[in-house]
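Below are the chains, spelled out letter by letter.
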Amino acid sequence: MKTKIILTIISLLILSTGCTRNNGDIGELFGRWRMESLQADGEEVELYDAENLLYTWSFQSSLMFITVIQPYDSYYNVKGTWSMEGDEMLLNFSYTGNDGQKYYDPPENLHLTRGGVTRLHVNRLTSGAMELEQTASDGVRYVYHLKKAY
């Protein structure tokens, strides 16, 4: 009987300590988001073509990745950091690496600041959908629509 109680306690401890998020809970933002659409001044922007099939954004701790999925199971990750200031999300892609800029520069057609910080207003953030907005330096208003991938 004592062995059964001890095993039950150990099992409960293991279950309660598993599957954590590094450096704390970041709420609804945690996980992978599929980029559904992008609008520039109300007009749809062509995101996908024969070379770029899908963009996903992932958030964990203060890290942010944009994964570019390409044909034949090929992909690459763009690395940056993120933070929040009130209802603004700051995406920082100002990092450099020894192997060039490809992995630190967001794709051009996403209109995020290369080599710097993009300020995005969070219009909506739920467990399944996110809408972000920015007015770029050229005066164009971009609205990003993302859905939780899983």
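Residues numbered from 1 in each chain as written. Predicted model: local features only at pLDDT ≥ 70, side-chain atom pairs only at ≥ 80, totals over all residues. Heavy atoms only, no water.

Visitor: Which parts of the structure should I look at to understand a negative patch on the surface?
Guide: On the surface, Asp41, Glu43, Glu44, Glu46, Asp49, Glu51 and Asp138 cluster together to form a negatively charged patch. Tracing the sequence through the fold places Glu46 in the loop between β2 (43-44) and β3 (54-60). (Patch = residues over 30% accessible without salt bridge, like charges linked within 9 Å, V, L, I, M, F, W, Y side chains within 5 Å. Areas by Shrake-Rupley, 256 points an atom, 1.4 Å probe, with all protein chains shown as cover. Salt bridge = Lys/Arg side-chain N within 4 Å of Asp/Glu carboxyl O. Lys, Arg positive; Asp, Glu negative; His and termini not counted. Charge placed at Lys NZ, Arg CZ, Asp CG, Glu CD. Helix = DSSP H or I, 4+ residues; strand = E, 2+ residues; numbered from the N terminus.)

Visitor: Can you walk me through the side chain of Thr81 in this structure?
Guide: With respect to the secondary-structure elements, Thr81 resides in strand β5 (residues 74-85). A polar contact is formed between the side chain of Thr81 and the side chain of Tyr95, at a distance of 2.9 Å. Once residues within four sequence positions are removed from consideration, Thr81 is found in contact with Ser62, Leu63, Met64, Leu90, Leu91, Asn92 and Tyr95. (Polar contact = N/O pair within 3.5 Å; in protein donor to acceptor, adjacent residues only side chain to side chain. Contact = heavy atoms within 4.5 Å.)

Visitor: Just to check I follow, could you spell out the nonpolar core for this structure?
Guide: A general trend in soluble globular proteins is that nonpolar side chains are found buried together. Within the largest apolar cluster, 31 residues are counted, with the highest numbers of intra-cluster contacts made by Trp57, Phe59, Ile66, Leu91 and Tyr144. Per element, the largest residue contribution to this core is 4 residues, and it comes from strand β1 (residues 31-40). Beyond its immediate stretch of four places on either side in the chain, Ile66 contacts Tyr55, Thr56, Trp57, Tyr76, Asn77, Val78, Phe93, Pro106, Pro107, Leu110 and Leu112. (Core = buried A, V, L, I, M, F, W, Y, C linked by side-chain atoms within 4.5 Å. Buried < 20%, exposed > 50% of the residue type's maximum accessible area, 1.4 Å probe, protein only.)

Visitor: Honestly, the packing of aromatic side chains in this entry has me stumped. Any pointers?
Guide: If you walk through the whole model with that rule in mind, you get 3 aromatic pairs. A centroid spacing of 5.8 Å and a plane angle of 90° characterise the contact between Phe59 and Trp82, whose relative ring orientation is edge-to-face. Note that Phe59 is positioned in strand β3 and Trp82 in strand β5, a separation of 23 residues in sequence. Phe59 gets classed as buried once you look at its relative accessible area, which sits at 3%. In this structure, Lys79 packs its charged tip against the face of Tyr104, placed 5.9 Å from the ring centre. (Phe/Tyr/Trp six-rings, centres within 6.5 Å; stacked < 30°, edge-to-face > 60°. Lys NZ or Arg CZ within 6 Å of the ring centre and 35° of its normal.)

Visitor: Help me understand the confidence of the model for the protein chain in this model?
Guide: Interpretation of the predicted coordinates at a detailed level should be avoided for regions scoring low in pLDDT. Chain-level pLDDT for the protein chain is 84 on average; 81% of the residues reach the 70-or-more range. Below a pLDDT of 50 lies the segment residues 6-21, which in the model reaches 2 contacts outside its immediate sequence neighbourhood of four places, other chains included. (pLDDT = per-residue confidence, 0-100.)

Visitor: Mind showing me how you'd approach the environment of Gln70 here?
Guide: Turning to its location among the elements, Gln70 is positioned in strand β4 (residues 63-70). Linking Gln70 and Leu54, residues 16 residues apart in sequence, is a C-alpha distance of 7.2 Å. Gln70 has contacts with Glu51, Asn52, Leu53, Tyr75 and Tyr76, leaving out every residue within four places of it along the chain. At 3.4 Å, the side chain of Gln70 and the side chain of Asn52 are in polar contact.

Visitor: Sorry if this is basic, but what is going on with the pairing of strand β8 (residues 129-135) here?
Guide: As a general feature of sheets, a regular strand has side chains that alternate between the two faces. For β8, a buried count of 5 out of 7 residues is recorded, marking the element as mostly surrounded by other parts of the structure. Both strand β7 (residues 117-125) and β8 contribute to a ladder of 4 bridges, which runs antiparallel. Looking at β8, one finds that Arg124 is bridged to Glu131. Once β7 ends, the chain turns through 3 residues before running back antiparallel as β8. (Pairing = 2+ DSSP bridges.)

Visitor: How should I be thinking about the pairing of β4 in this particular structure?
Guide: As defined by bridge partners, β3 adjoins β4 across 7 bridges and the pair is classed as antiparallel. Bridged to Ser58 within β4 is Phe65. Here β3 folds back onto β4, and the loop between the two strands holds 2 residues, one of which, Ser61, carries a positive phi near 55°. In this structure, β4 lies alongside β5, joined through 8 bridges in antiparallel fashion. Bridge assignment links Ile69 to a residue of β5, and that residue is Tyr75. In sequence, β4 turns back onto β5 through a hairpin of 3 residues, with Tyr72 there showing a positive phi of about 60°.

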